[in-house]
2 protein chains.
Amino acid sequence: MDMPASPIRKLVPFAEAAKKKGIKVFHLNIGQPDIETPPAVLEAVRKANIPVLEYSHSAGNESYRKKLVEYYERNGITVTKDQIIVTAGGSEAIQFGFFACLNPGDEVIVPEPFYANYNGFACAAGVTVIPVTSTIESGFALPPIEEFEKKISSRSKAILICNPNNPTGYLYSEQEMRALRGLCLKHDLYLFSDEAYREFAYDGTCMSALQLEGMEQQVVVMDTISKRYSACGARIGAFVTKNKEVYEAAMKFAQARLSPPGLAQLLGEAAVDLPANYFDIPKAEYQTRRDLLVKRLNQIPGVYCPNPGGAFYAIAKLPIDDSDRFCQWLLESFSYEQQTLMLAPATGFYGTPGLGKQEVRLAYVLNTTAINAAMDCLEKALEQYPGKR
Amino acid sequence: MDMPASPIRKLVPFAEAAKKKGIKVFHLNIGQPDIETPPAVLEAVRKANIPVLEYSHSAGNESYRKKLVEYYERNGITVTKDQIIVTAGGSEAIQFGFFACLNPGDEVIVPEPFYANYNGFACAAGVTVIPVTSTIESGFALPPIEEFEKKISSRSKAILICNPNNPTGYLYSEQEMRALRGLCLKHDLYLFSDEAYREFAYDGTCMSALQLEGMEQQVVVMDTISKRYSACGARIGAFVTKNKEVYEAAMKFAQARLSPPGLAQLLGEAAVDLPANYFDIPKAEYQTRRDLLVKRLNQIPGVYCPNPGGAFYAIAKLPIDDSDRFCQWLLESFSYEQQTLMLAPATGFYGTPGLGKQEVRLAYVLNTTAINAAMDCLEKALEQYPGKR
């Protein structure tokens with residue numbers, strides 16, 4: 001099966017070569033947070049008494065699913081334990097959604113730029129991703145509903161959003177969510193909502209697709225603890241739907257792979273019991289970083305970065321000819337005080353060829369000192385880059 | 001996507017109802033070993049210092065892959081760390097094999113009876129499973145090569161075996177492996193080899209498909225630590241191939257799902273360092289159970305069970321009309337001294353409709369006392385079963 005390569009990974013050899021030359025590389029290219037994994041959740045794994053590390057229920061341990069019900073309730077989302085399947089990260093939740101709801105040849109409409117791995121999961125399911133362009137000029141707001149309608153065909157089966165958005169950081173408003181609801185009801189489409197960054201909403205709150213009334217049969221939420229508790233390596237996510245038929249279809253795939261990771265489910269379960277104010281510190285930290293990053297970016301001549309309302313990403317428009325070339329050049333040919341930065345060219349996040357050539361994604365997963373140093377590098381780099389526009 | 005339901009799971013509600021009536025159910029239906037997970041491997045997770053539980057390399061931690069190279073070397077298999085992708089259990093390794101090597105519409109030829117979840121992975125990849133029947137009369141030996149050749153078409157892309165076999169327990173001989181080699185070379189087919197039970201070979205040793213000379217470009221081994229170290233819940237397996245192109249294709253799927261479970265990789269890595277004689281005790285235990293189970297089965301009038309050379313499964317032929325009906329009856333309508341047993345109807349392991357109606361699979365994952373009690377139940381049940389033949 002012909003699968004697209006990860007657009008970010010292709011720069012890795014250049015970063016490795018830069019490091020071999022003794023250059024420090026600031027990694028703003030990937031969504032791996034530097035925030036500490038809460039010690040209490042790792043302690044839950046350490047303290048567990050496990051005579052035999054058995055398969056769990058294919059939907060995940062019942063005790064964990066019950067805890068997740070509490071977690072969702074606290075977030076204004078009412079679900080039962082039998083509407084949740086614990087997955088191997090958000091990745092598997094997305095796969096289950098595609099496999100359970102779509103047939104080969106079906107189309108899923110996604111606002112672009114979008115998380116590049118959606119392409120991979122679509123490819124595995126034989127599904128086509130149809131992009132609808134959101135623009136940096138609008139701050140990556142939801143494209144007008146008419147733009148979605150232009151893309152709807154008899155093959156359209158679902159709309160997929162990520163809220164708050166990776167890669168744009170855009171936080172969809174309640175009004176935008178309701179517009180999507182109307183669209184999905186009108187055209188009988190599933191609404192897949194990837195809510196990996198739910199807690200990291202700085203300007204307003206994240207409305208879950210599960211809160212849209214009358215959409216019980218159409219909404220599938222793909223969730224993960226990766227970013228929430230800085231536990232990306234645990235590989236624990238959740239597939240959540242109130243549609244019984246979809247749930248049962250997904251369960252068949254869950255049963256085929258037997259069970260989700262066992263040790264990490266203990267971690268996920270303990271995470272639900274973290275103090276209510278747990279998110280205050282990481283959220284404040286991310287917000288401080290965002291404010292700094294966006295300010296620094298917009299101070300550089302010719303650079304524009306809209307203020308992202310959530311997640312820990314920003315997309316900036318740079319005065320450059322080609323973001324792939326520029327990102328490679330940063331690693332291959334540039335350094336400032338023996339330092340450089342690694343960015344993700346936005347081209348990899350667009351489905352429409354040719355878009356994103358002047359845009360890069362920055363993940364603010366580094367502390368403010370590192371962000372300042374990286375922005376110093378970027379400022380100098382844009383002065384020297386031969387492909388400047 | 002229309003996915004077959006798990007053939008074993010459908011009996012679960014009947015087992016639950018029996019338990020509610022106060023009947024003890026001996027679970028010979030699933031491959032969940034009762035053997036202790038080695039405390040040393042769990043200790044490795046407990047002792048790990050993890051400030052941030054980060055994504056690992058998509059192929060798995062380099063340190064673990066290096067350890068796996070040692071593990072394979074000890075088993076007479078020479079591979080490098082760059083020929084291994086650590087997976088979420090054997091399940092994901094099988095998925096990667098199907099996705100990386102096959103296209104929708106392709107056919108994979110599998111000796112039946114076979115592990116029922118192969119159907120699920122084939123369904124997800126849009127691939128068709130073509131069964132070649134092995135028979136209980138031959139002890140489930142590899143079907144004659146001519147039988148495979150009869151099934152080969154322009155759509156045939158791979159042969160998939162499980163060695164030692166689940167569900168039959170059959171251990172393929174070196175001669176049979178060489179016959180498969182000849183067939184795959186002649187028809188340019190991949191040889192997928194699921195070697196989850198490698199260490200549990202009682203009569204002879206398990207020859208890995210990776211040991212077949214001249215097959216470097218065609219062999220993919222799907223592996224897992226689930227049964228090896230009684231760590232089914234860890235969800236750690238491995239995809240192993242010397243074919244660089246196939247490896248790179250599988251890596252794209254590995255990258256899309258980011259990384260395999262992190263905590264459990266520490267467990268897997270520690271397992272490679274268990275003492276060399278670690279397998280002596282579980283292997284002797286399984287062999288004792290096998291000997292007892294097979295003896296007891298063959299003592300029951302009308303029952304025939306060939307002696308399986310490996311894994312921890314046996315398929316027995318019973319004097320019954322229909323194994324699905326019988327297995328349900330055992331749970332729904334039968335008990336002996338307030339006890340009964342749960343078996344897997346072999347029908348679910350055959351691709352050819354109508355086969356396996358007089359056969360059941362028994363997993364000897366219970367101690368000898370329980371096996372004896374379960375066989376007492378089976379003996380009585382066969383006296384009373386209304387559908388006896």
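A quick note: this is a predicted structure, and the numbers were derived from the prediction, not measured.

Q: Is there a simple way to explain the overall build of chain A in this structure?
A: Check the secondary structure of chain A and you find 12 helices and 12 strands. Relative to its length of 389 residues, chain A is compact, with a C-alpha radius of gyration of 21 Å against a globular reference of 21 Å. Here the C-alpha coordinates of chain A stretch approximately 55 × 55 × 40 Å along the principal axes. Per-residue burial over chain A gives 55% buried out of 389 residues. Taking all contacts inside chain A whose residues are at least 6 apart in sequence as the whole, residues at least 24 apart take part in 76%.

Q: Any chance you could explain the sheet that holds strand 8 (residues 237-241) of chain A here in plain terms?
A: Two pairing modes exist for strands in a sheet, parallel and antiparallel, and in both the strands are linked by backbone hydrogen bonds. Residues and elements named next belong to chain A. Sheet architecture is open: seven strands sit in the order 2-8-7-6-5-3-4, paired in mixed fashion. Across the chains shown, the open sheet's two edge strands, defined by having one partner strand only, are strand 2 (84-87) and strand 4 (128-133). Across the sheet, the axes of successive neighbouring strands diverge by a mean angle of 20 degrees, strand direction being ignored. Most of the contacts of helix 5 (residues 117-125) go to strand 4, to which it runs at about 150 degrees, and overall it touches strand 3 (107-112), strand 4 and strand 5 (156-162).

Q: Could you clarify how one ought to interpret the relation of the copies chain A and chain B in this entry?
A: Here two copies of a chain appear, and what relates them is a rotation about an axis with a shift along it. Overlay of chain A on chain B (RMSD 0.0 Å): rotation 180 degrees, translation along the axis 0.0 Å. Here the symmetry operator amounts to a two-fold rotation axis. In terms of proximity to the rotation axis, the leading residue of chain A is Arg46 of chain A, whose C-alpha is 2.3 Å off the axis. Most of the interface of chain A is mirrored in chain B, where 100% of its interface residues again form contacts.

Q: Explanation requested: unusual backbone geometry in the structure shown.
A: For residues other than glycine, phi is negative in most cases, and the peptide bonds are mostly trans. The step from Asn166 of chain A to Pro167 of chain A runs through a cis peptide bond, and the omega angle for that step is 15 degrees. In this structure, Pro167 of chain A sits in the loop between strand 5 and helix 7 (174-187). Here the residue pair Asn163 of chain B and Pro164 of chain B is connected by a cis peptide bond, since its omega of -10 degrees sits within 30 degrees of zero. Among the structural elements, Pro164 of chain B can be located in the loop between strand 5 (156-162) and helix 7 (174-187).

Q: Looking at this structure, how should I read the domain arrangement of chain A?
A: Accessible area lost on assembly of the parts is the figure often given for the size of an interface. Residues and elements named next belong to chain A. Each assigned domain of chain A is listed here: domain 1 (9-36 + 279-384) and domain 2 (39-272). Taken together, the contact pairs 31 residues of domain 1 with 29 residues of domain 2. For the side of domain 1 that touches domain 2, the secondary structure elements donating two or more residues are helix 10 (280-299), strand 9 (313-317) and strand 12 (359-363). In terms of residue class, the side of domain 1 that touches domain 2 is made up of 16 nonpolar, nine polar and six charged.

Q: It is not clear to me how the sheet that holds strand 9 of chain A should be interpreted in this structure. Could you clarify?
A: Residues and elements named next belong to chain A. The antiparallel open sheet is built from three strands, whose spatial order is 9-12-11. Since the sheet does not close on itself, it has two edges, and those belong to strand 9 and strand 11 (344-345), each with one partner. Pairing analysis gives two bridges linking strand 11 to strand 12, with the strands arranged antiparallel. Bridged to Ala344 within strand 12 is Arg361.

Q: Would you mind going over the environment of Val12 of chain B with me for this structure?
A: By secondary structure assignment, the location of Val12 of chain B is in helix 1 (residues 12-20). Sequence-wise, Val12 of chain B and Ala209 of chain B are 197 residues apart; in three dimensions their C-alpha atoms are separated by 35 Å.

Q: Explain helix 5 of chain A to me, please; I cannot follow it from the model alone.
A: Count 3.6 residues to each turn of an α-helix, and residues three or four apart come out pointing the same way. In terms of burial, helix 5 of chain A is largely enclosed, as nine of its nine residues are buried. If you check which residues of helix 5 of chain A are buried, you get Asn117, Tyr118, Asn119, Gly120, Phe121, Ala122, Cys123, Ala124 and Ala125 of chain A. Turning to helix 5 of chain A, the residues buried within the fold contact helix 4 (89-101), strand 3, strand 4 and strand 5 of chain A together with helix 4 (89-101) and helix 8 (244-256) of chain B. One or two steps after helix 5 of chain A, the chain reaches Gly126 of chain A, where phi turns positive at roughly 70 degrees.

Q: What is the right way to read the pairing of strand 5 of chain A from this model?
A: The side chains of a regular strand alternate, first on one face of the sheet and then on the other. Residue and element names in this part refer to chain A. Judged by how many residues are buried, strand 5 sits mostly within the fold: seven of seven residues are covered. Where strand 5 and strand 6 (residues 190-194) come together, five bridges link them in parallel fashion. Considered in strand 6, the bridge of Ala158 is made with Tyr190. For the crossover that starts at strand 5, traverses helix 7 and ends in the parallel strand 6, the hand is right-handed.

Q: Mind showing me how you'd approach the nonpolar core here?
A: The tendency in soluble globular proteins is for nonpolar side chains to be buried as a group. By size, the foremost hydrophobic cluster in this structure holds 266 residues, and its most contacted members are Ala250 and Leu267 of chain A together with Ala250 and Leu267 of chain B. Setting aside residues up to four positions removed in sequence, Leu267 of chain B forms contacts with Val41, Leu42, Ala44, Val45, Ala231, Ala234 and Ile236 of chain B.

Q: Just to check I follow, could you spell out the interface of chain A and chain B for this structure?
A: Contact residues are listed per partner, giving 51 residues for chain A and 51 residues for chain B. Elements with a contribution of two residues or more to the side of chain A that touches chain B: helix 2 (39-47), helix 4, helix 5, helix 8 (244-256) and helix 9 (262-272) of chain A. Ranked by residue count, the leading element in the side of chain A that touches chain B is helix 8 of chain A, at five residues. When grouped by side-chain class, the residues that make up the side of chain A that touches chain B number 27 nonpolar, 15 polar and nine charged.

Q: Help me out: how do you make sense of helix 8 of chain B in this one?
A: The end-to-end C-alpha distance of helix 8 of chain B, which contains 13 residues, comes to 19 Å, matching closely the 18 Å that a straight helix rising 1.5 Å per residue would cover. Structurally, helix 8 of chain B contributes buried residues whose contacts are with helix 4 and helix 5 of chain A together with strand 2 (84-87), helix 4, strand 7 (219-224) and strand 8 (237-241) of chain B. Leu258 of chain B sits one or two residues past helix 8 of chain B and shows a positive phi near 75 degrees.

Q: I tried to follow the packing of helix 1 (residues 12-20) of chain A against helix 11 (residues 323-332) of chain A on my own but got confused; where do I start?
A: Residue and element names in this part refer to chain A. Their axes nearest at 8 Å, the elements helix 1 and helix 11 cross at an angle of 20 degrees. The angle between helix 1 and helix 11 places the two elements in the roughly parallel class. Facing helix 1, whose interface residues are Phe14, Ala15 and Ala18, helix 11 presents Gln328, Leu331 and Glu332.

Q: Got a minute to help me understand the confidence of the model for chain A in this structure?
A: Note: predicted coordinates in regions of low pLDDT should not be interpreted at a detailed level. The predicted model of chain A averages 96 in pLDDT, with 99% of residues at 70 or higher. Across the whole predicted complex the pTM is 0.96, and at the interface the ipTM reaches 0.95.

Cut-offs used in this document
- Residues numbered from 1 in each chain as written.
- Chains lettered and ligands numbered in written order.
- Predicted model: local features only at pLDDT ≥ 70, side-chain atom pairs only at ≥ 80, totals over all residues.
- Helix = DSSP H or I, 4+ residues; strand = E, 2+ residues; numbered from the N terminus.
- Rg over C-alpha atoms; globule rule 2.2 N^0.38 Å.
- Buried ≥ 20, exposed ≤ 12 C-beta atoms within 10 Å, placed from the backbone.
- Contact = placed C-beta atoms within 7 Å.
- Pairing = 2+ DSSP bridges.
- Axes fitted to C-alpha atoms, helices over the stretch in contact; angles between N-to-C directions.
- Least-squares fit on C-alpha atoms with pLDDT ≥ 70 in both.
- Domains from an automatic or database assignment.
- Nonpolar A, V, L, I, M, F, W, Y, C, P; charged D, E, K, R; others polar.
- Right-handed = clockwise from strand over helix to strand, strands pointing away.
- Core = buried A, V, L, I, M, F, W, Y, C linked by C-beta atoms within 7 Å.
- Expected span 1.5 Å × (residues − 1).
- Parallel < 35°, antiparallel > 145°, perpendicular 65-115°, else oblique.
- pLDDT = per-residue confidence, 0-100.

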